[in-house]
Amino acid sequence: MRTARLDEIVRQQDPALKSAVEMLATGQVSAALDALQQQGRVKEIPNAEERIHAIAKSYVESPNNTLIVSPDNASRSELNVAVRQELKAMGAVAPEDHAFRVLVQRQDMTGAERSWASHYEVNDIIRFTRGSKAIGIPAGTYASVVAIDPTGNQLTVEKANQELATYDPRRLTGVSVYREMERDLSVGDRIQFTAPYRHQRIANRQLGTIERIDAEGNLQIRLDSGREVDLSLRDHPHLDYGYAVTSHSSQGVTADRVLVHVDTANAHEQLINSRLAYVSVSRGRFDAQIFTNDADKLGDELGRDVSKRSAIA
């Protein structure tokens, strides 16, 4: 069934890309990939390091309104570093870095997996959207995982006041799971918000560019909508680089040009599948390029139908 969202996307795309997106939307993945390959939109680069470098080079050739989509966090991080190095060499990102701790969402966990202690790791940061009076955690607060009991399905977390709480994660819904990561941020960096910031009316996954930053973590960001916002990382540490994003984080985001990274050697079915093919390619208004290690295997890997399985949340 065609959706209003699909109609909006295909109206903006060039006819050849529009046709491929329509095929992906109806599950004709092999036909869509054949069409994209005939259009010169599939690049095969077997060596991983060379492929990452090629994507970064392609990005900086036309960085305005370009987005990279990569299915897993490891390659996404590599791509962000590679792009940032290229932009710094060009002078598009300021040379002075400021190192901060930010919270990056664990997108490798499905919604169902958040109910099981075995999927958590020590030092994960949990945000309790709804909270729980039973274990003394108010809504909107954070706690750090300090112990895991997979057999009894129990998590022990340390709250901000250093008190410990142990609970069964099946009994607490409305949680988000993050990892604390260090990021070097500079004026000119592209960022993506990893959680909504209601105080500034910023939605989750919104993109922007840093226009001002200081050593205390006070930032001025120009959102892609054109609105300027001021925030402190002490109050809202939920942001990450926005050059390369996962396919999950790209939902709701569009760009003039999208560069899609697909490594078939790391083809986890929850990450590389027909959903990735459609979501990533349809992000591009005017162009979409797929970079892969093996063009012959693309059809099999991206053709997997996971529509009836749990989506990554």
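Our subject in this report is the structure included herewith. (Residues numbered from 1 in each chain as written. Predicted model: local features only at pLDDT ≥ 70, side-chain atom pairs only at ≥ 80, totals over all residues. Heavy atoms only, no water.)

### A look at the overall build of the protein chain
Scanning the protein chain from N- to C-terminus turns up eight helices and 16 strands. Its C-alpha radius of gyration of 20 Å places the protein chain within 12% of the 20 Å reference for a compact globule of 313 residues. Viewed in the frame of its principal axes, the protein chain has a C-alpha envelope of about 60 × 45 × 40 Å. When the 313 residues of the protein chain are sorted by exposure, 50% land in the buried category. Put simply, 68% of the contacts in the protein chain that link residues at least 6 apart link residues at least 24 apart. (Helix = DSSP H or I, 4+ residues; strand = E, 2+ residues; numbered from the N terminus. Rg over C-alpha atoms; globule rule 2.2 N^0.38 Å. Buried < 20%, exposed > 50% of the residue type's maximum accessible area, 1.4 Å probe, protein only. Contact = heavy atoms within 4.5 Å.)

### Focus: helix 7 (residues 274–281)
Counting buried residues in helix 7 gives seven out of eight residues, a clear majority hidden from the surface. Listing the buried residues of helix 7 in full gives Ser274, Leu276, Ala277, Tyr278, Val279, Ser280 and Val281. Its side-chain oxygen 3.0 Å from the backbone nitrogen of Arg275, Asn273 forms the N-cap of helix 7. (Polar contact = N/O pair within 3.5 Å; in protein donor to acceptor, adjacent residues only side chain to side chain.)

### Concerning the sheet that holds strand 14 (residues 244–245)
If you trace the five strands from one edge of the open sheet to the other, you get 1-16-15-2-14, paired in parallel fashion. Taken across any chain shown, the strands that pair with only one partner, and hence form the sheet edges, are strand 1 (42–44) and strand 14. Across the face of the sheet, helix 4 (residues 48–61) comes into contact with strand 2 (66–69), strand 15 (255–262) and strand 16 (284–292) while running at roughly 175° to strand 15. (Pairing = 2+ DSSP bridges. Axes fitted to C-alpha atoms, helices over the stretch in contact; angles between N-to-C directions.)

### Notes on the side chain of Thr156
Mapped onto the elements of the fold, Thr156 is located in strand 6 (residues 154–159). Residues within four places of Thr156 in sequence aside, it is in contact with Ser144, Val145, Val146, Ala147, Leu164, Ala165 and Thr166.

### Section: the packing of aromatic side chains
Here the structure, examined in full by the defined rule, presents three aromatic pairs. For the pair Tyr59 and Tyr243, a centre-to-centre distance of 5.8 Å together with 90° between the ring planes defines the contact as edge-to-face. Of this pair, Tyr59 sits in helix 4 while Tyr243 sits in the loop between strand 13 (239–241) and strand 14, and the two are 184 residues apart along the sequence. As far as burial versus exposure is concerned, Tyr59 and Tyr243 are alike and both buried. Centre to centre, the rings of Phe128 and Tyr167 are 6.0 Å apart; their planes meet at 70°, and the pair counts as edge-to-face. (Phe/Tyr/Trp six-rings, centres within 6.5 Å; stacked < 30°, edge-to-face > 60°.)

### Comments concerning the environment of Phe100
Counting through the fold element by element, Phe100 comes out in strand 3 (residues 98–105). Sequence separation between Phe100 and Glu216 is 116 residues, and the spatial gap between their C-alpha atoms is 9.0 Å. Non-local contacts of Phe100, meaning those with residues more than four positions away in its chain, are made with Met181, Glu182, Arg183, Leu185, Ile213, Asp214, Ala215, Glu216, Gly217 and Leu233.

### Notes on the sheet that holds strand 12 (residues 228–232)
The antiparallel open sheet is built from five strands, whose spatial order is 12-11-10-9-13. Two strands close off the open sheet at either side, each with one partner strand: strand 12 and strand 13. In this sheet, adjacent strand axes meet at a mean angle of 40° when their direction is disregarded. Two elements, strand 10 (residues 207–213) and strand 11 (residues 218–223), share five bridges in a ladder whose sense is antiparallel.

### Overview of the pairing of strand 8 (residues 175–185)
In the sheet, strand 3 pairs with strand 8 via eight bridges, with the strands oriented antiparallel. Across the sheet, Leu103 pairs through a bridge with Glu180, a residue of strand 8. Sheet analysis places strand 4 (residues 125–128) next to strand 8, joined by four bridges and oriented antiparallel. Counterpart to Arg127 in the pairing with strand 8 is Ser176.

### Observations regarding the environment of Asp108
Mapped onto the elements of the fold, Asp108 is located in the loop between strand 3 and strand 4. For the pair formed by Asp108 and Arg198, sequence separation is 90 residues and the distance between their alpha carbons is 25 Å. Leaving out residues up to four positions away in the same chain, Asp108 has contacts with Glu113 and Arg179.

### Notes on the packing of helix 4 against helix 5 (residues 73–90)
In a packed pair of helices, the relevant descriptors are the angle between the two axes and the axis-to-axis distance. Where helix 4 contacts helix 5, the axes come no closer than 9 Å and their chain directions differ by 50°. Overall, the two elements helix 4 and helix 5 adopt an arrangement that is oblique. Where helix 4 crosses over helix 5, the two elements pack in a sense that is right-handed. Between helix 4, through Ile52, His53, Ile55, Ala56, Lys57, Tyr59 and Val60, and helix 5, the contact on the second element is made entirely by Ser75, Glu78, Leu79, Ala82, Val83, Glu86, Leu87 and Met90. Taken together, the residues of the contact of helix 4 with helix 5 sort by class into ten nonpolar, two polar and three charged. (Parallel < 35°, antiparallel > 145°, perpendicular 65-115°, else oblique. Left-handed = near helix turned anticlockwise from the far one by under 90°. Nonpolar A, V, L, I, M, F, W, Y, C, P; charged D, E, K, R; others polar.)

### Things to note about the side chain of Ser75
Among the secondary structure elements, Ser75 is positioned in helix 5. In this structure the side chain of Ser75 is engaged in a polar contact, spanning 2.7 Å, whose partner is the side chain of Asp72. The residues contacting Ser75, other than those within four sequence positions of it, are Ile52, Ser70 and His261.

### Description of the pattern of salt bridges
Counting across every chain of the model gives 20 salt bridges. The shortest N-O distance in the salt bridge between Arg212 and Asp230 comes to 3.7 Å. Here Arg212 is found in strand 10, whereas its partner Asp230 is found in strand 12, with 18 residues between them in sequence. (Salt bridge = Lys/Arg side-chain N within 4 Å of Asp/Glu carboxyl O.)

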